[in-house]
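Reading the structure
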Amino acid sequence: MAGHSQFKNIMHRKGAQDARRARQFAKVIREITVAARSGLPDPASNPRLRAAISAAREVNMPKDTVERAIKKATGAGGGDDYVEVRYEGYGPAGVAVIVEALTDNRNRTASDVRAAFSKHGGSLGETNSVSFMFTRLGVVTYPASVASEDEMLEAAIEAGAENVESSAETHEVTCPIESFFAVRDALEARFGEPASARLDWRPGTVVTLDEDKGRSLLKLVDVLEENDDVQAVYANFDLPDDVAERLSA
């Protein structure tokens with residue numbers, strides 16, 4: 001689930017790995033397509049395209065697949081035209097949900113997203129109906145081994161970041177969205193390529209769910225993420241460790 005590191009223990013809760021990988025590739029290719037058309041096809045001159053290529057590496061997309069996607073997006077005809085849309089609504093137990101999509105058919109995507117909410121105990125709202133409960137920010141993550149906590153904090157502050165959370169496994173650097181590309185590039189110049197770099201929605205407060213509500217909410221998220229048009233799903237819920245373990249069994 002995008003933007004929810006606390007769900008690492010359930011990210012592999014179901015099978016169909018090949019189908020999931022195919023969906024991941026399709027979603028990244030859409031982002032590469034939009035990024036390549038929004039600026040120059042050269043990643044060095046197009047920050048969004050650099051971010052899309054970084055996302056492709058995260059899902060182990062072959063380099064030639066990335067290059068073909070860029071060429072197709074910027075060549076004659078250019079392939080499909082995608083527009084960015086955002087949907088907001090409430091899931092089971094009043095959990096706030098944000099859905100980001102890239103679509104070539106707004107009516108189809110809106111209908112599919114609305115049906116998913118309705119079928120799984122939620123309701124689709126208006127734009128900005130729940131986003132005020134989240135903060136939009138940039139997140140750059142590195143393995144803990146690349147630097148000490150103090151060294152990463154110093155570098156992040158110099159780059160213009162707002163915060164660093166370090167653990168035994170990772171350093172997570174957060175920054176305002178307008179500083180995202182500058183912070184990422186400054187850290188990359190010092191520490192090499194990050195493990196991940198993305199824009200994220202972080203909730204101000206979370207709703208703690210029991211097993212029944214958690215199962216319903218996760219089913220809604222699964223259905224949304226399986227939609228080819230949906231790029232990312234964010235929700236302000238939390239699962240206690242014992243509940244997460246039971247749901248991942």
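Residues numbered from 1 in each chain as written. Predicted model: local features only at pLDDT ≥ 70, side-chain atom pairs only at ≥ 80, totals over all residues. Heavy atoms only, no water.

Per an unreviewed UniProt entry, the protein chain goes by Probable transcriptional regulatory protein HLH21_15705 and derives from Gluconacetobacter johannae. The Subcellular location (unreviewed entry) field of the UniProt record for the protein chain holds the comment "Cytoplasm". Looking at the protein chain in UniProt, the text filed under Sequence similarities (unreviewed entry) is "Belongs to the TACO1 family." (UniProt positions renumbered as here; feature names shortened; annotations may be inferred.)

1. Quick look at the pairing of strand β9 (residues 230–235)
Among the 6 residues that make up β9, 5 are buried, leaving the element largely enclosed by the rest of the structure. One ladder, built from 5 bridges, connects strand β2 (residues 96–103) with β9; its direction is antiparallel. Directly across from A101, in β9, lies its bridge partner V230. (Buried < 20%, exposed > 50% of the residue type's maximum accessible area, 1.4 Å probe, protein only. Helix = DSSP H or I, 4+ residues; strand = E, 2+ residues; numbered from the N terminus. Pairing = 2+ DSSP bridges.)

2. Some words on helix α6 (residues 180–191)
With 12 residues, α6 extends 16 Å from end C-alpha to end C-alpha; this agrees with the ideal 16 Å at 1.5 Å per step. Elements in contact with the buried residues of α6: α2 (47–58), β4 (134–143), α5 (149–159), β6 (170–176) and β7 (196–203). Just past α6, the residue G192 takes up positive phi, approximately 90°. (Expected span 1.5 Å × (residues − 1). Contact = heavy atoms within 4.5 Å.)

3. Description of the packing of helix α4 (residues 106–119) against helix α7 (residues 211–226)
Relative orientation of the contacting elements α4 and α7 amounts to 165°, with a least axis distance of 9 Å. Here α4 is positioned roughly antiparallel relative to α7, judged by the angle of their axes. Viewed along their axes, α4 and α7 form a crossing whose handedness is right-handed. Touching V113, A116 and F117 of α4 are L220, V223 and L224, all from α7. Residue composition of the contact of α4 with α7, by class: 6 nonpolar, no polar and no charged. (Axes fitted to C-alpha atoms, helices over the stretch in contact; angles between N-to-C directions. Parallel < 35°, antiparallel > 145°, perpendicular 65-115°, else oblique. Left-handed = near helix turned anticlockwise from the far one by under 90°. Nonpolar A, V, L, I, M, F, W, Y, C, P; charged D, E, K, R; others polar.)

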